[in-house]
Amino acid sequence: MLQYRGTTQATLTQGGAVYNPDDLDLNTASVEELRKAYAFYHRAALYGAGQFKVKAHLEWVNPKTPIEWVKAIKSITITCERCKGTGEYSWGGTINGRPVHAGACYRCSGTGRQTMCDFRRNRGYDNHSVRRAFA
Ligand SMILES: [Zn+2]
C-alpha cells in the first residue's frame, strides 16, 4: 500500500482551517499580512504558470508597494496550455477535420485563459486526484 504525503497538509494552519487571503482588506492589512497573502498567491501562481511566466508578469507590472505586489500577483493570466487558448479540449482522433471527442476545457473552465482562480482550483483538483489515486 502506497502512502501519499503531499503538499495538501502544508496549506493547513494549526487550527485545521485552510488559510484564505481572499477576504483580506488590502488597505487596512499590515505588511506582515500582505506578505503572507503574497506568498500564498505566489505559490499558486508558480504552480499554475511556472517561474518564468510569473517573473515576466511581475517585471511587466513592475509593482512598488506591498499592496501593488499582492495585486500584481493576483492579476496574472496565462494562455491555457491544456487547450492552447481555444477553450475546447479534444482527445482521440479526427474524422473529416473534426475531433471525435471534444468538450469544454476544465483547466481554464472554457475561457482559454487561466487566472489565479483557475490555478487554485486546478491545484485543489490535482491534490484531490492524487489522494484518490493512492487511497
Ligand atoms: Zn483550457
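Bear in mind that the values here come from a model prediction, so they are computed numbers and not experimental data.

**Some details on unusual backbone geometry**
Line of reasoning, step 1. With a phi angle near 55°, Asn-62 is a residue other than glycine that sits in the positive phi range.
Line of reasoning, step 2. On the secondary structure map, Asn-62 appears in the loop between helix H2 (51-61) and helix H3 (66-74).
Line of reasoning, step 3. Located in the positive-phi region is Asn-96, a residue other than glycine, with phi close to 55°.
Line of reasoning, step 4. Here Asn-96 shows up in the loop between strand S2 (88-95) and strand S3 (98-104).
Line of reasoning, step 5. Residue class for Asn-96 comes out exposed when judged on the 4 C-beta atoms lying within 10 Å of it.

**Points about the pairing of S2**
Note on strand geometry: in a regular strand, side chains alternate between the two faces of the sheet.
Line of reasoning, step 1. With respect to burial, S2 is a largely exposed element, only zero of its eight residues being buried.
Line of reasoning, step 2. Here S2 hands over to S3 after two residues, with Asn-96 in that stretch at a positive phi of 55°.

**Focus: the confidence of the model for the protein chain**
Line of reasoning, step 1. On average, residues of the protein chain score 87 in pLDDT, and 88% of them reach the 70 mark or higher.
Line of reasoning, step 2. Between residues 4-10, whose pLDDT stays under 50, and residues either more than four places distant or in other chains, the model counts seven contacts.

Parameters at a glance
Residues numbered from 1 in each chain as written. Predicted model: local features only at pLDDT ≥ 70, side-chain atom pairs only at ≥ 80, totals over all residues. Helix = DSSP H or I, 4+ residues; strand = E, 2+ residues; numbered from the N terminus. Buried ≥ 20, exposed ≤ 12 C-beta atoms within 10 Å, placed from the backbone. Pairing = 2+ DSSP bridges. pLDDT = per-residue confidence, 0-100. Contact = placed C-beta atoms within 7 Å.

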